[in-house]
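# Tertiary structure, described
Chain residues, written in single-letter form:
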Amino acid sequence: MAAYLKLPLSNQQIYVEIKLSHPEATYNTTTAAAAGGDLDIICCVDVSGSMSGSPIKNVCEVLRDIYERTQKDYRLFTYNTQTDVKRTLKTLSERNDNLQASGGTSFACIFTAIKDYLMQNASAKKAITFIFMTDGQDNEPNGSALQKSVQMLKLMLSAMTNSPPITFHVIGFGEVNDAFLNKIRTFGTRQGLFRYSTESKELQNNFNDMFEYALHVRQFTIKFPNGKTYTANNIDNETVGFLANDDDDLSAMAELTLIDDKTTTTQFPLAPMKDIRAIHLLHALNLIQPENEEQVKSIQTYLNNIQITNSKNFAERLEAEQIYKEIDQRMMEYRQLFTQLKMTQVPERVKLQLSALRHDPIFANTQRKKKLDLRVYKNVDYFKKTNISGILQGYKDSITSDTWQKIREQKEIWVDTYSNEDIYEIMRKSPDNILCLGIFVQRDEEVINNPAKGLKLLKVTNTIISYDSFINGMNLARNNQQVQGQFTTLNDHYSIAGALADEQINAVIPLYINDEHMKRIRILEGIWLGYLYTLDSCGYDKQQEVALLKLFYEIIQQRTNTQRQKEIIIELEKVCRFIIDESQGFKTAEQFGEKTYEKLLKRLPIVSTQEYDLSIPLMIGYLRNDLTSVLVPIYYEYIRQEYLRKYPKNSATVKTIIENLVYGCDVKHLPATFSTNNSSTLTNNNLPDYIEKSFIDYFHDELSEPIQLTQENIIKENRKWMIHEEIELDYIKGLLLPLPDFIRTMLNLCQIDEDYIEKHLDYDTLRYELLITFYYLIYSDTNSGGLLNLPKKENILSVIDGRLQSEKERAVAHDYSESVHLVHLVSHVAKNCKTLEGFAGVMRKYCPSRRGPIFSEVFIRLVESYDEGEGDTVGTVTKKEKLIALLKNQISTTTATKVIYDDMDQCHSLPSLDEQLRSLRRFIDEKKVEQIGLQNRGRLVVYCRRTLLGDRQCRRKRNYRYFLNPFHEDSF
């Protein structure tokens, strides 16, 4: 069936959706491997010098990962000024080292290699997809070699129009040309897609996106009776959607023809869409690519009028919510880019981002579909290998007659509302049915990756229902609302009616009831948890075991204190207690399980991309009958979370709070002092790794003190403050926050006084907690490594005092006049650092202005060693990488790309400088250059100075400027 609707936008486009008759299976790794059987994917990777360091490392990592997942030996073409076509993803995966990036960039050589490959494999009759990646521009963008290679490649492709499709997908990184890359993606017999990024870490996502799309995309041709033809791509094998022009009068057409990528032709009846829901409107909007800001505003206005709750079922609503957010975010990006396009000089980066944004909906569809499907496939495989039915039958057969009699005695209390079977009949009849409590919940898309946040309890019922009855009822409710169940306007969940008239159920939690029943619950845990959180019995993840504790807290919060609900809560409590005591899933959960709970009790900072819901550790303490031991630590963590939300990083208000905590509210001063620090020399007792680590720490946090290599003369220093050891009780109490509701709820349940926490606060510990929060987590923005080595309570005042005092105006001069030995010493440390972070720390400390004897010594030696081989590697980096880091003014760390010097512009991407640096090396030798300076304010310049000896034996200077980008030299 094919249906259409007209969008009430300015261009009045028509959306047509075709439901395929036989949708294929959902995504899994087996399907992916099969999909790649009739497809040849070739990665073309730029390995010019500007790709060295993190970019080439990230590319190699993702290509290895793709091989491990697909086990397909796809070809790998690498190119700079030459092309290597002998590699594959398998050979790269089997090697321990990464590809080597060096030299310039010649697109002519890679286009010629592609043309030759197509010619040699013309008879293979396989679809071919090239994933073309580059981070720069051709050494000769207007040269005859490039133009000729493009013409020859296009000529070759023009002769292959009747062959299986050939596609070029393009990944741009850094300083590339938008028009040229968009030209490349249209080379093939089928147009390709485009991705762009400015950060090397995004290269991994871009390669993954391209591979997933290439493996699963299907292209369809749609023909109308009036002769009009459209093409549409599809990745889910369920629906094909496309936009038709407004001048197509579809009301006069009764059918259309669909031709798939295997040339199979199918006729579909065509009619106006009758049941138009939010998902149809969003699918249509997702295909529109606005051409200007007015069209963006029109789309945003229409988007805001779509009611997402108008969905067929919960799964459809989840998809609608996700697409809604994606479109909304994309339109905001479009508006920003269109605003920038109004500038007189439009940056190339803006054009690149706009081109990539037009392809975003395609990749968003792929990523959204994969999230849950991958997990389902993993769990299905586990369930196939595990004889769950045999285990449960064994449990049932082992129940003794005495135990059956005890279960019979519970039959009056625990009865299934739907089947009227009691607990005894349920357990006798089947080995795998369990009795549960019915609840009504709301889920959103976050429930997949963050189940504690993605599921919210709306209502607790008194309905007791078996798991089999619940699943049967939900299936009936989904397919026939009138038979058993109903739809509610609230969140548009399908649900079944509860025991009372106003009760609705769309989720269940098992009840303990007896030990034999709990054995079943434990074996079936993955199934009922998976359905509870994802509406899929195979959707289990061990984070759901942690999230169950939050759900249990919400049930306690909504309790009515009737005798029946007290009985129910006791049985739920036993289930949760069993999970935290016995379940390996809970104990090994990555987020907020047993390990995070132990960190909380030890008051170690909890670093996570997701916020720690403190009802979870509260419930762990309660279930372990140790609530009073966790109340104060949880309150401290609550204060930490609230202040982290309240105050921005490095704010003046936070600094004032820190100073009041350390020095008291009435700050006292010591007289100004002027001192000279004693020189700390490099001795055999100082290990090189220890020295380098001190400079790594200094690079990330300039308040930390690295090992002092030269004598420092303090020229000027402000007045110091005096530490206030005594606690100012009133001030600290003023920083306390009222008890949150989740703590009050549990205090009330356990009949503990609400002032329990206040009575058990240690204000010395509280000051320590506040200083950790305000100084380390908010003000100084300490990295995760620094949070592992926080000061103890007894010395935190002196540590923070030292750092605060070092922030004050302090001018330091390094004395190199006494001995050139000190210059060689610092230069030696810089050149022999094993990491770029250590090297950057030394250069920032001792060469802040990028000139002087140390900088000159280091720079000249790095230039001299630029052409040396791999034997020049120190630790994990080469001297060449150190030189490039100085020129680019940036290094890549594990978390982000950081600058070395704040007062110098960055070069995010440099063309190959091999020839320029060799020329600079000759220039330094010929001119006998003694002093070097470096600057980049739009142009990368090396300042060179040499000393001339005149007839009168007076020394005079000769200055030169050496422009590396753009390249030329002059004297001044």
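Values in this document were obtained by computation on a predicted structure and should not be read as measured data. (Residues numbered from 1 in each chain as written. Predicted model: local features only at pLDDT ≥ 70, side-chain atom pairs only at ≥ 80, totals over all residues. Heavy atoms only, no water.)

## Things to note about the overall build of the protein
Looking only at helices and strands, the protein has 38 helices and 30 strands in total. Looking at the protein as a whole, 53% of its 972 residues qualify as buried. Considering only residue pairs separated by 6 or more positions, the protein has 71% of its internal contacts joining residues 24 or more positions apart. Of the accessible surface of the protein, which amounts to about 45200 Å², a share of 47% is contributed by carbon and sulfur atoms. (Helix = DSSP H or I, 4+ residues; strand = E, 2+ residues; numbered from the N terminus. Buried < 20%, exposed > 50% of the residue type's maximum accessible area, 1.4 Å probe, protein only. Contact = heavy atoms within 4.5 Å. Areas by Shrake-Rupley, 256 points an atom, 1.4 Å probe, with all protein chains shown as cover.)

## Points about the packing of helix H25 (residues 627–646) against helix H31 (residues 763–779)
At a minimum axis separation of 10 Å, H25 and H31 run at an interaxial angle of 30°. The orientation of H25 relative to H31 falls into the category roughly parallel. Handedness of the H25/H31 crossing: right-handed. Between H25 and H31, the residues in contact are Tyr-636, Ile-639, Arg-640, Tyr-643 and Leu-644 and Thr-765, Leu-766, Glu-769, Leu-770, Ile-772, Thr-773, Phe-774, Leu-777 and Ile-778, respectively. (Axes fitted to C-alpha atoms, helices over the stretch in contact; angles between N-to-C directions. Parallel < 35°, antiparallel > 145°, perpendicular 65-115°, else oblique. Left-handed = near helix turned anticlockwise from the far one by under 90°.)

## Topic: unusual backbone geometry
The backbone of Ile-513 shows a phi angle near 65°, a positive value even though the residue is not glycine. Relative to the helices and strands, Ile-513 is located in the loop between strand E19 (507–510) and helix H18 (515–523). In the Ramachandran plot, Gln-751 falls in the positive-phi region, its phi being about 55° despite a non-glycine side chain. With respect to the helices and strands, the residue Gln-751 is situated in the loop between helix H29 (741–749) and helix H30 (756–759).

## A look at H29
Burial in H29 covers these residues: Phe-742, Ile-743, Thr-745, Met-746 and Leu-747. Buried residues along H29 sit in contact with helix H20 (543–557), helix H24 (615–623), H25 and H30. Taken from the residues just after H29, Gln-751 is the one with a positive phi, measuring 55°.

## Re the sheet that holds strand E15 (residues 455–466)
Read from one edge of the open sheet, three strands run E15-E14-E19, paired in antiparallel fashion. Strand pairing shows two members of the sheet lacking a second neighbour, E15 and E19, which therefore form its edges. In this sheet, adjacent strand axes meet at a mean angle of 35° when their direction is disregarded. Looking at chain direction, strand E14 (residues 435–443) and E19 are connected through four bridges and run antiparallel. Bridging from a neighbouring strand, Ile-439 pairs with Ala-507 of E19. Here helix H19 (residues 525–534) sits on the sheet in contact with E14, E15 and E19, set at roughly 30° to E14. (Pairing = 2+ DSSP bridges.)

## Some points on the pairing of strand E13 (residues 265–272)
When strand E1 (residues 2–6) meets E13, the two strands line up parallel, connected through three bridges. By the bridge assignment, Tyr-4 is partnered in E13 with Pro-272. Judged from the five bridges that link them, strand E12 (residues 255–259) and E13 form a sheet pairing that is antiparallel. Across the sheet, residue Leu-258 finds its bridge partner in E13, namely Thr-266. Hairpin connection, E12 to E13: the antiparallel pair is bridged by five residues, and Thr-263 has positive phi, about 65°.

## A few points about the nonpolar core
Residues Leu-548, Ile-658 and Phe-774 are the most contacted members of the largest nonpolar core, which totals 121 residues. The dominant element in this core, judged by the number of residues it contributes, is H31, at eleven residues. Each of domain 3 (370–578) and domain 4 (594–670 + 715–805) contributes no fewer than three residues to this core. Residues contacting Phe-774, with those up to four places away along its chain left out, are Tyr-643, Tyr-647, Val-654, Ile-657, Ile-658, Leu-661, Leu-735 and Tyr-779. Core analysis: the second largest hydrophobic core is formed by 49 residues, Val-829, Ala-840, Phe-923 and Ile-924 among them. (Core = buried A, V, L, I, M, F, W, Y, C linked by side-chain atoms within 4.5 Å. Domains from an automatic or database assignment.)

## Concerning the pattern of salt bridges
Side-chain pairs of opposite charge can arise whenever the charged atoms involved come near each other. Scanning the entire structure with this criterion turns up 30 salt bridges. A salt bridge links Asp-422 to Lys-411, with the shortest nitrogen-to-oxygen separation between them at 3.5 Å. You can see Asp-422 sitting in the loop between helix H14 (401–408) and helix H15 (423–429) and its partner Lys-411 sitting in the loop between H14 and H15, a full eleven residues away along the chain. When the shortest N-O distance is used, the salt bridge between Lys-759 and Asp-755 registers 3.4 Å. Since its relative accessible area comes to 32%, Asp-755 is described here as partly exposed. If you follow the salt bridges from partner to partner, you end up with Arg-603, Glu-637, Arg-640 and Glu-769 in one network. (Salt bridge = Lys/Arg side-chain N within 4 Å of Asp/Glu carboxyl O.)

## Re the sheet that holds strand E2 (residues 14–19)
Strand order across the open sheet formed by seven strands is E10-E9-E12-E13-E1-E2-E11, with mixed pairing between neighbours. Both edges of this open sheet fall to strand E10 (229–234) and strand E11 (239–244), since each of them pairs with a single strand only. Strand-to-strand twist in this sheet, taken as the mean axis angle between neighbours without regard to direction, amounts to 30°. The sheet contact formed by E2 and E11 spans six bridges and is antiparallel. Across the sheet, residue Ile-18 finds its bridge partner in E11, namely Val-240.

## Remarks on the packing of helix H23 (residues 594–602) against H25
One way to put it is that H23 packs onto H25 with a least axis distance of 9 Å and a crossing angle of 85°. On the basis of the axis angle, H23 is roughly perpendicular to H25. Between H23 and H25, the residues in contact are Tyr-597, Leu-600 and Leu-601 and Ser-629, Val-630, Pro-633, Ile-634 and Glu-637, respectively.

## What about the side chain of Ser-827?
In this fold, Ser-827 is placed in helix H34 (residues 820–831). With sequence-adjacent residues up to four places away left out, Ser-827 is seen in contact with Ile-854, Glu-857 and Val-858.

## A look at the environment of Ile-114
Looking at the element boundaries, Ile-114 is found in helix H4 (residues 107–120). Residues Ile-114 and Leu-153, 39 residues apart in the sequence, show an inter-C-alpha distance of 7.6 Å. Residue contacts for Ile-114: discarding those within four places in its chain leaves Cys-44, Phe-130, Leu-153 and Phe-168.

## Comments concerning the side chain of Arg-330
Mapped onto the fold, Arg-330 is located in helix H10 (residues 314–341). An unpaired buried charge is present at Arg-330: no salt bridge exists, and Glu-326, the closest side chain of opposite charge, is 4.5 Å distant. (Lys, Arg positive; Asp, Glu negative; His and termini not counted.)

## Quick notes on helix H36 (residues 853–864)
Relative to the 16 Å expected for twelve residues at 1.5 Å per residue, H36 spans 16 Å between its end C-alpha atoms, a close match to the ideal helical length. H36 sits mainly inside the fold: nine of its twelve residues count as buried. Within H36 the residues assigned to the buried category are Ile-854, Phe-855, Ser-856, Glu-857, Val-858, Phe-859, Ile-860, Leu-862 and Val-863. (Expected span 1.5 Å × (residues − 1).)

## Things to note about the environment of Gly-585
Positionally, Gly-585 belongs in helix H22 (residues 584–588). Taking the C-alpha atoms as reference points, Gly-585 and Lys-542, 43 residues apart in sequence, are found 5.0 Å from one another. In contact with Gly-585, other than residues within four places in its own chain, are Tyr-540, Lys-542 and Glu-545.

## Section: the packing of aromatic side chains
Counting across every chain of the model gives 28 aromatic pairs. Taking 5.9 Å as the distance between ring centres and 80° as the angle between the ring planes, the aromatic pair formed by Phe-77 and Tyr-117 counts as edge-to-face. Placement of Phe-77 in strand E4 (residues 75–79) and of Tyr-117 in helix H4 is noted, with a sequence separation of 40 residues between them. Ring geometry for Phe-855 versus Phe-859: centroids 5.8 Å apart, planes at 25°, classification stacked. Residue Phe-855 and its partner Phe-859 are both found in helix H36; the two are separated by four residues, about one turn of the helix. In this structure, Phe-855 and Phe-859 share a single accessibility class: buried. Pairwise contacts between aromatic rings join Tyr-79, Phe-107, Phe-111, Phe-130, Phe-132, Phe-168, Phe-180 and Phe-187 into one cluster. Over the aromatic face of Tyr-424 sits the side chain of Arg-408, whose NZ or CZ is 4.4 Å from the ring centroid. The cationic tip of Arg-428 hangs over the ring face of Trp-404; the distance from NZ or CZ to the ring centre is 4.0 Å. (Phe/Tyr/Trp six-rings, centres within 6.5 Å; stacked < 30°, edge-to-face > 60°. Lys NZ or Arg CZ within 6 Å of the ring centre and 35° of its normal.)

## What to know about the confidence of the model for the protein
When the pLDDT values of the protein are averaged, the result is 81; 82% of them are 70 or greater. Below a pLDDT of 50 lies the segment residues 23–36, which in the model reaches 25 contacts outside its immediate sequence neighbourhood of four places, other chains included. In this model, residues 479–493 is a region of pLDDT below 50 whose contacts with residues beyond four sequence positions or in other chains number 39 contacts. (pLDDT = per-residue confidence, 0-100.)

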